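Residue-level structural notes
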Amino acid sequence: MPAVVVLGAQWGDEGKGKATDLLATSSPIDYVVRTSGGHNAGHTIVVNGEKYATHLLPSGILTPGATSVIANGVVVSPEALFRELDGLIERGVEVADLVVSANAHIIASYHSTIDKVSERFLGKNQIGTTGRGIGPAYGDKVNRVGVRVADLFDEDVLRTKIEAALDIRNHVLTKVYNRRAIQVDAVVEELTAYVDRLRPMVADTSLLLNRALDEGKTVLFEGAQATMLDVDHGTYPFVTSSSPIAGGVCTGAGIGPTRIDRVIGVIKAYTTRVGSGPFPTELFDEDGENLQRIGGEIGVSTGRTRRCGWYDAVIARYAARINGLTEFFLTKLDVLDSWARIPVCVAYEIDGVRVEEMPMTQPEFERATPVYEYFEGWQTDISGCRTFADLPPNAQVYVKALEELSGAKFWGIGVGPGREQTIVVHD
């Protein structure tokens, strides 16, 4: 299976890094590719007891022998890129095999400035962005005033593009937000400082990946964010600025859809979300506090506490349909070890009507209340289980029920943060 996609099936933070790392270590992987988002993403991976966090870099950077690729659909902050690389180098991680697309768009400091002041200006209507310039960089891309990685290597072209971008941005900053204008020279100096270090990494990554697939090499496409944050198919407007679903992998990497063999949706045994927006199963009680505490639900990139709720099978079915999932990878089952009874949302009730698929409109979704089925808990530590048969009977019932409700088989189950704390159900 040369082309495998791993993506989030909820609102992010599902444990995609662990799934990617497991795939990359269980069988030879030649390339691990990021196709969307920026350094607003966050993956936590535990290797031999050591915890690593990746943000802009693919989590495959920790896999010996694999080439890590930042593809054209990613927005790249050079400052964040080299800060993350240097942090891994200091810990003894080999990072030589990294390739960056010449067509990836650049996040400059002015994108972050615009992001932060825009959020403050929105007040109670804030989207809940990370303030790292992701949205404004994608906005420039769509408005055709973006700066791409290749532009950094021609200072005249770079200056022209920055002038075009700031022509509009500075009017907004000075006249709407009452901020100082950003100087073109300062931005040119900021970005050209990275040229010498970045140049050897840059390539035509679409060509590179298509040739690799032609040669029968294994390419793992790693998602950032998640299905419910997709700009087209997520809980708009409380979404990211890119397309983290399976279809977005094709445009974000420059490969055709017929090249993808396997699409794995990573999903938690409960649900979390960071930032604003509707969340039908969200808990505001002791159960929610316990899920947050036991699950360590703090954002890897932002440090924000994640909102917590029960497993939502409506969202799971939606993710399976939108992405054409071949399977799920269920994570953090062990977080539920202490509960005597575990609710699962199997449908919504909207204005007195039972709804089993995603509502069509945002107002309907905001009015949706969960319809629960209840499962007996197992109330024992499962972190040492390594086969499905090792799980307590009630845990087996819970997993089988989720699989039946969710629209795709479960490939594996995470029972702890470590790479080895995984049960492979369908190999």
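Along each chain, the written sequence defines residue order, and numbers are assigned to residues from 1. Local features in this predicted model are restricted to residues of pLDDT 70 or higher, and side-chain atom pairs are both shown and tallied only at a pLDDT of 80 or more, whereas totals for entire chains, interfaces and linings draw on every residue. The basis for the side-chain values is all heavy atoms of the structure; hydrogens and waters are excluded.

A few words now on the overall build of the chain. From N to C terminus, the chain includes 13 helices and 20 strands. Atoms counted for the radius of gyration: C-alpha only. Globule rule: 2.2 Å times the number of residues to the power 0.38. For a compact globule of 427 residues, the expected C-alpha radius of gyration is about 22 Å, and the chain comes in at 22 Å, within 12% of that figure. Counting only C-alpha atoms and orienting by the principal axes, one finds that the chain spans roughly 65 × 50 × 40 Å. In this scheme, a residue with accessible area under 20% of its type's maximum is buried, one over 50% is exposed, and one in between is partly exposed, where area comes from a 1.4 Å probe on protein chains only. Scored against the burial criterion, the 427 residues of the chain give a buried share of 57%. Throughout, a contact is declared for two residues whenever any of their heavy atoms are within 4.5 Å. Long-range pairs, those at least 24 residues apart, make up 74% of the contacts in the chain with a sequence separation of at least 6. Across the chain, the centroid of the 41 positively charged side chains sits 3 Å from that of the 55 negatively charged ones. The helix and strand labels rest on DSSP assignments: H or I over at least four residues marks a helix, E over at least two residues marks a strand, and numbering proceeds from the N terminus. For the purpose of charge, His is not counted, nor are the chain termini; Lys and Arg are scored as positive and Asp and Glu as negative. Charge positions are represented by NZ for Lys, CZ for Arg, CG for Asp and CD for Glu.

Okay, empty space enclosed by the protein next. In this analysis, the protein atoms alone were mapped onto a 1 Å grid. Cavities are point sets where a 1.4 Å probe fits without being able to get out; pockets are open sets with protein on both sides within 12 Å along at least five of seven lines; lining residues have an atom within 4 Å of a point. Grid points are joined across faces, edges and corners, and a volume is the space filled by probe spheres set on the points. In this structure the tally under the stated criterion is one cavity of 30 Å³ or more. In this structure, the largest cavity spans a volume of roughly 30 Å³. Lining the largest cavity are H105, I106, Y110, H111, A137, D140, V145, G146 and V147. Every element with two or more residues in the lining of the largest cavity is listed here: β8 (105-106), α3 (109-122) and α4 (134-142). Here the residues of the lining of the largest cavity sort into five nonpolar, three polar and one charged. Charged means Asp, Glu, Lys or Arg here, nonpolar means Ala, Val, Leu, Ile, Met, Phe, Trp, Tyr, Cys or Pro, and polar covers whatever is left, Gly included.

Here we take up the sheet that holds strand β5 (residues 67-70). The mixed open sheet is built from ten strands, whose spatial order is β9-β7-β5-β2-β10-β1-β11-β15-β19-β20. In this open sheet, the two strands that pair with only one neighbour each are β9 (202-203) and β20 (422-424). Any two strands between which DSSP finds at least two bridges are classified as paired. Sheet topology places strand β15 (residues 327-331) next to strand β19 (residues 410-414); three bridges connect them, and they run parallel. When the bridges of β19 are listed, F328 appears paired with F410.

Below, the discussion takes up the environment of C345. Of note, C345 is situated in strand β16 (residues 341-350). Along the sequence, C345 and V75 sit 270 residues apart, while their C-alpha atoms lie 35 Å from each other. Dropping the residues within four chain positions of it, C345 is found in contact with T281, Y311, D312, A313, V314, P370, V371 and Y372.

Turning to the pattern of salt bridges, a few remarks are in order. One speaks of a salt bridge when a side-chain nitrogen belonging to Lys or Arg is within 4 Å of a carboxyl oxygen belonging to Asp or Glu. For the coordinates displayed, the defined rule picks out 17 salt bridges. Linking D140 and R169 is a salt bridge whose minimum nitrogen-to-oxygen distance equals 2.8 Å. Of the two residues, D140 sits in helix α4 while R169 sits in helix α5 (residues 155-175), which places them 29 residues apart along the sequence. Here R169 falls in the buried class, since its relative accessible area comes to 17%. Note that E297 is salt-bridged to K332, the shortest N-O span being 3.0 Å. You can see E297 sitting in the loop between α10 (286-294) and β13 (307-309) and its partner K332 sitting in the loop between β15 and β16, a full 35 residues away along the chain. Since its relative accessible area comes to 23%, K332 is described here as partly exposed.

Here we take up helix α11 (residues 313-323). Within an α-helix, residues lying three or four positions from one another point in the same direction, as the helix has 3.6 residues per turn. Across the eleven residues that make up α11, a large majority, nine, are buried. Polar contacts, as used here, are pairs of N or O atoms within 3.5 Å; protein pairs need one atom able to donate a hydrogen and one able to accept it. Residues neighboring in sequence count only if both atoms are side-chain atoms. Taking the backbone nitrogen of V314 as reference, a side-chain oxygen 3.0 Å away marks D312 as the first, capping residue of α11. At the C-terminal side of α11, G324 shows a positive phi close to 60°.

Moving on: the pairing of β16. In terms of residue burial, β16 counts as a mostly covered element, since eight of its ten residues are buried. One ladder, built from eight bridges, connects β16 with strand β18 (residues 369-376); its direction is antiparallel. For P343, the partnering residue across the bridge sits in β18 and is Y374. Where β16 lies against strand β17 (residues 353-355), three bridges are found, and the strand directions are antiparallel. Each residue of the ladder has a partner; that of E349, found in β17, is R354. Linking β16 back to β17 in an antiparallel pair, the connection comprises two residues, with D351 at a positive phi of about 55°.

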